[in-house]
Amino acid sequence: MGEVAAETRKQTLVFAVNGKRFELSDIDPSTTLLEFLRSQTPFKSVKLGCGEGGCGACVVLLSKYDPVLDQFEDSTVSSCLTLLCSLNGCSITTAEGVGNSKDGFHPIQERFAGFHSSQCGFCTPGMCVSLFSALVNADKTNRPEPHPGFSKLTVAEAEKAIAGNLCRCTGYRPIADACKSFAADVDMEDLGFNSFWKKGESDEVKLRRLPKYNHNNASSKFPEFLKKEIKAGANLVSEGHHWCSPASLEQLQSLLQKNEANDGASMKIVVGNTGMGYYRELEDYDKFIDLKYIPELSIIIKDKTGIEIGAAVTISKAIETLKDENEGDFCLESKTVFKKIADHMEKIASGSVRNSGSVGGNLMMAQRKHFPSDVATILLPVGAIVNIMIGQKLEKLTLEEFLRKPPLNFEAILLSIKIPCWESRKDISSETDTKLLFETYRAAPRPLGNALPYLNAAFLAEVSFRRNSSGVVLNNCQLAFGAYGTKHPVRARKVEEFLTGKLLNVGVLYEAIKLLGTTVIPEDGTSSPAYRSSVAVGFLYEFLSPLVHNPAEVPDGWCNEYNSVVTYDDSNSKIKENYDKFNGSKFPTLLSSSNQVIHSSKGYHPVGQPITKAGATIQASGEAVFVDDIPAPSNCLYGAFIYSRVPLARVKGIKFKSGSPPVGVTALISVKDIPGKNVGCTSIFGEEPLYADELAQCAGDRIALVIADTQRHADLAATIAVIDYDTENIEPPILSVEEAVERGSLFQVPPFLYPEQVGDFSKGMVKADHQILSAEIKLGSQYYFYLETQTALAVPDEDNSMVVYTSNQCSEFAHDTIAQCLGLPANNIRVITRRVGGGFGGKAIKAIPVAAACAVAAYKLQRPVRMYLNRMTDMIMAGGRHPMKITYSVGFKTSGKITALKLDILIDAGVFADSSVLMPSLILGSLRRYDWGALNFDIKLCKTNLPSRSAMRAPGEVQASFIAEAIIEHVASTLSIEVDSVRNINLHTYDSLGYFYKSIAGEPVEYTLPAIWDKLATSSSFYERTEMIKEFNRCNKWRKRGISRVPIVHEVNVRPTPGKVSILKDGSIVVEVGGIELGQGLWTKVKQMAAYALSLINCSGTEELLEKVRVIQSDTLSLIQGGFTGGSTTSESSCEAVRLCCNVLVERLTALKERLLEELGSIEWEALILQAHLTSVNLSASSLFIPDPSSTHYLNYGAAVSEVEINLLTGETTILCTDIIYDCGQSLNPAVDLGQIEGAYVQGIGFFMLEEYPTNSDGLVIANGTWTCKIPTVDTIPRQFNVEILNTGHHEKPSGEPPLTLAVSVHCATRAAIAEARQQLRSWGGVDECNSTTFQLEVPATMPVVKELCGFDCIQKFLQWTMSSK
């Protein structure tokens, strides 16, 4: 009965957070560590970014103490998945525990600041903890002592430390540099631009200036008091919920039997709870059973028969075990099998998930729920055995038998997995040498993992090499394929049987591949089915082709990575030597040395200096306060939207699946509860309703707000809400731009916002030698993927007023909207925004309804109401970038000079106007980058029953960038000439620039693009690399490279912006501006400008004014007319507003200063200000900067060269190198601008290459989390990333948006590589000559898209061609 006593006896949960002891007895077992930390502790550095373990924003360090070994085990875990009750006796370290402003910052945090690695700062604490964990674990190893100032970490480990962390702002390069600065094997020359040293200084000086790090002090600081309280897992009871930690199989069996007897009690068996991140379970369980403390489930046994791993062993521990060469008397072949299994496992999810997710849990998800498991696939061909317990019965099954069983119920427990040893049979007398070959494969959007595979595979084969001839016989093989749209991994038995005993040759390989096509068939409904089948063929070819084509090169005892024999099949050393010169291919690490060139200005100190971002260190420590970090006021309630799942329907009512309101629900707010006007946002662009009034207009339309006592209860209630729809007598919804045009559903663009036509299209076409008529291209949407989702907090205040804290780029618009919603005067509303955790346009109009909904609920209930949208809801409602359909006709001469272009553009604006009316002018502003001769267009804004689209970083401009380059590429391919020559001949002269851009073209000296274009060709070695790429492509069948150079001409629009500067009695300075700090460095530049402008008073002490300036949060009652933060010009205009304020203050202080100088001879800043206070000088000044009409619009320029390599077998694209030269005018802070350029460019890579944002047939977004939407990560950015910032003007030019459009160079380079692949395919008889050069590359150019254009059947065509040639 011990287990019953353990279950019912009142116990407590004891653990520590940052050294502070917590003891809890009454806990809901479903509470996650993240929920506890954010609601019950002051530690807010852990952020909710996704709730799936996919972003790294919530990562903490989990430390456990083993009293037997007197050792600590430290690992990162995702706190959003980790259940609080599982942490008995554990110590948690958050970013505040790593270092903070009170106890001192850790060198990690200081280096993150100094390497300019933090922009919005929302993801930075998680990054710092990930690196901290890597340092702690590296410094435990017995590696050689590093040089002083370094850790035992390697560069490769430093890069991988953050592979599971997402950042939407920086572009990762500076983050990687900050991490690598700790590595023992780092070359200091490889570290990029930072605030610690100047270019050219010695390594000794550099190291001296880095914040000091002592690897001997690297520890997780496990508290002593916790060592004494180490005990087994807790058994807890809370309001009918049970958390049980059985310590034996007998106790577990008893619990399972008891649960079966209590028919109806729901139970969840957990180890790491990581499956919750994938399946988003809604069920409220009565009982949780934690398996971690059962010895039989945590075993690791190594003997001569193999390695047995307990089912509760984490994936990370399994990797460590399989890689450990010090234990186990295994043959070389077995060791290599184990190592390759471990290498593959390192690509599963992220480190923080592998550290808590168990091997058994992964396999049980594959068995029960058909999870696309890597573990199951790679263990299948090696004959893994599983031990399971069903009730009292123990069973031993092969993994294949286990997976084929019907889904096991929760009484079935997986106990362990046995991976047997493998060894090839040796026969000394035989005429053959026998070898065992094993390899695993994975095709996924991210090389380092943190992405589900399209397909995975693992092959084991025994082959015999004839000593006296060149043939190879395949004695036997096991071929496993999984994750391709099948219930579980399968063995390709027909292929295995066919190959067994065969002498391998091209014919046998061809027949095997044909047979494989009948085996790997994705189930109906699987995305990209033909791609997945094709990749299976590619992997089998990859495995077997060395045995057919180059058997002599197969290394003794093992089949190495196939690159040397399959991919780079023919490349000579000269090519490799040249390539090592231009890119990082010789480096085993992820990223190679990059070069950043900036030109700082010293004449206006500190303006123009690359100072570190204001608040970077408190962002790194997690002390920077975002909206959801504000402590909840007493009595606070929480909201979650209930939204429509159909595109156009009458809403008859809302009920809950349970019949009665779920736990914690207190109210349901809908349109009838709005005291004023039903308006969700009001702006200069129009209005949209807060809630659907009878009719839901689109899938994702807000219908109501459910209010509950916690955010989790509100989210759960919203998820189980059932809406009663009625579609009778309602027109069918409009779900495409074609339908919208057909039914006349269009938004009108005001004439003053519609751009002018340029020239006469008909006359231009007459001049043309060639024409392309009515060609079509389509562009999809893109989600913002700010790490902080939409959030707001509304607090009722005295006298019928309301204070709203919101993460918002348009506080003024939010203020107006809330006032109208509540039916109150505007002076009753105060909207406060301190900082935004990433915006990119998505926190502009789209943030306003969130703030308004909280305000309406708070007003009705007279209690504070806050809301933090979960990632799925945010993605469904966001709208994102505008999709488009473009039809174009173009005329051009034989030289490639374009004479006329006509465009018909249909823009999907969604159901409300939002900011869509600006799209025509934004598109044309970017499209006019080339001299088209004549440019005519017809742009229609289509009103569809889809969520309204909104401005997203470089709105319209990034689409125009693609349109322009697609047309240039089409012309070049039609003429069969180099595309770069077509770009060259169509670049603007100064005269044509004036023709297309009229008065905003500026003076000839301001047109810097031609100089940038030529300089970039030289600095990037563009022409030399172009020739080398031709040679590389000639020598390699299965990898092709492409290179592209593209320009930008960006039209800039400067808006009025307010500012306010106040000097306090002690000489410190407070600044307010209308712009919002989004991570773009606005506060930093404003501080610099205030310090410079006030220093013009020319008294002692003004050199240190920068440290005296504080920029404070936006408050719509303190500073009005704030407008909106966007268009990349808010920093520029905010600085000008501050300069005007400072000029006023300097003027007021000048007379006093002159008098004091006469009296005293000299005057300090503090004394001057004190005297000013005493003599009642007004030390506060406000201004509204209104740009001069002549400088409201101007042009900005830049160019990029990108080189890529594609893998023809998988469609994977690797960006080898990017070179950017960008004109920043007169940069206010080159370090900030560098970060903006790199971050924008990488976000552009996401749009052009990676990110899909699809919907179902009703228009409901289905890519609704980190599992399905893949933004760039550190392993998908350019391997070498070179940026030069030019200072060419007298004022700052924006850097936040224009560089994003340069990422089209990656897409164009990919197209060039594909063209090479198609030419090769044509030579094998795969495509005709016309189709080999003229094709359309979709956006995004994902792996399936690239592979399809390279030929799903390219291997079959090659083998057929090879056989026919022979």
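Summary of the structure given here. (Residues numbered from 1 in each chain as written. Predicted model: local features only at pLDDT ≥ 70, side-chain atom pairs only at ≥ 80, totals over all residues. Heavy atoms only, no water.)

## Details of the nonpolar core
Rule in force here: Put simply, buried Ala, Val, Leu, Ile, Met, Phe, Trp, Tyr and Cys residues joined by side-chain atoms within 4.5 Å make one nonpolar core. In this scheme, a residue with accessible area under 20% of its type's maximum is buried, one over 50% is exposed, and one in between is partly exposed, where area comes from a 1.4 Å probe on protein chains only. In what follows, residue pairs with any heavy atoms lying within 4.5 Å of each other are defined as contacts.
Core analysis: the biggest nonpolar cluster contains 276 residues, and Phe481, Leu499, Leu903, Trp932 and Leu935 have the highest contact counts within it. Look past the residues within four positions of Leu935 in its chain and what remains in contact with it is Gln757, Val758, Leu901, Leu903, Leu924, Leu927, Arg928 and Phe996. Residues Ala318, Ile378, Phe402 and Ala480 belong to the second largest nonpolar core, which totals 42 residues.

## Some words on the packing of helix α12 (residues 315–323) against helix α13 (residues 332–345)
Between two packed helices, the angle of one axis relative to the other and the distance separating the axes together describe the packing. Quick note on the threshold: Axis angles are defined between N-to-C directions and span 0 to 180 degrees, where every axis is a line fitted to C-alpha atoms and, for a helix, only to the segment in contact. Strands here are runs of E lasting at least two residues and helices are runs of H or I lasting at least four, both read from the DSSP assignment and numbered beginning at the N terminus. In this scheme, roughly parallel covers angles under 35 degrees and roughly antiparallel covers those over 145, while 65 to 115 is roughly perpendicular and the rest are oblique. By convention, the crossing between two helices is left-handed when the near helix turns anticlockwise from the far helix through less than a right angle, and right-handed when the turn is clockwise. Residues were grouped as follows: Ala, Val, Leu, Ile, Met, Phe, Trp, Tyr, Cys and Pro as nonpolar; Asp, Glu, Lys and Arg as charged; and all remaining residues, including Gly, as polar.
Where α12 contacts α13, the axes come no closer than 8 Å and their chain directions differ by 150 degrees. Of the possible angle classes, the one that applies to α12 and α13 is roughly antiparallel. With respect to the hand of their crossing, α12 and α13 are arranged in left-handed fashion. For the pair formed by α12 and α13, the contact residues are Ile315, Ala318, Ile319, Leu322 and Lys323 on the first element and Phe338, Lys339, Ile341, Ala342, Asp343 and Met345 on the second. Of the residues assigned to the contact of α12 with α13, the class counts are eight nonpolar, no polar and three charged.

## Notes on the pairing of strand β35 (residues 884–892)
How we decide: Any two strands between which DSSP finds at least two bridges are classified as paired.
Among the nine residues in β35, nine count as buried, and that is most of the element. Residue alternation in β35 divides its side chains into two sets, Met884, Ile886, Tyr888, Val890 and Phe892 and Lys885, Thr887, Ser889 and Gly891, and both sets are buried. Here strand β30 (residues 770–779) runs beside β35; their pairing, made up of eight bridges, is antiparallel. Bridge pairing links Leu779 to Met884 in β35. Here β35 runs beside strand β36 (residues 898–910); their pairing, made up of nine bridges, is antiparallel. In the sheet register, Gly891 faces β36, and the bridge partner there is Ala900. The antiparallel hairpin formed by β35 and β36 contains five residues in its connecting segment, where Gly896 sits at a positive phi of about 100 degrees.

## Quick look at the sheet that holds strand β28 (residues 721–726)
The strands making up a sheet are joined through hydrogen bonds of the backbone, oriented either antiparallel or parallel. In space, the three strands of this open sheet follow the order β26-β22-β28, with antiparallel pairing throughout. Here the strands that pair on one side only, and so sit at the sheet edges, are β26 (695–696) and β28. One ladder, built from six bridges, connects strand β22 (residues 649–656) with β28; its direction is antiparallel. Across the sheet, residue Gly653 finds its bridge partner in β28, namely Asp724.

## A look at the sheet that holds strand β7 (residues 241–244)
Across the sheet, four strands lie side by side as β6-β7-β9-β8; this open sheet has mixed pairing. Two strands bound the open sheet, and with one partner strand each, they are β6 (236–238) and β8 (267–270). The sheet shows a mean angle of 10 degrees between the axes of neighbouring strands, direction not considered. Sheet topology note: the β7/strand β9 (residues 287–290) ladder contains three bridges and is parallel. The residue bridging Cys244 from the neighbouring strand is Ile289, located in β9. Strands in contact with helix α10 (residues 249–261) are β7, β8 and β9; relative to β9, the strand with the most contacts, it is inclined by about 160 degrees.

## Looking at the packing of aromatic side chains
How we decide: Any two of the Phe, Tyr and Trp rings considered here, Trp counted by its six-membered ring, make a pair once their centres fall within 6.5 Å; the pair's planes then place it as stacked at under 30 degrees, edge-to-face at over 60, or tilted in between.
Taken as a whole, this structure holds 44 aromatic pairs when the rule is applied. Note on Phe72 and Phe222: the rings are 5.3 Å apart at their centroids and 35 degrees apart in plane angle, and the pair reads as tilted. In this pair, Phe72 is assigned in strand β4 (residues 71–78) and Phe222 in the loop between α8 (203–209) and α9 (224–227), connecting sequence segments 150 residues apart. Judged by centre distance (5.1 Å) and plane angle (80 degrees), the ring pair of Tyr454 and Tyr531 falls under edge-to-face.

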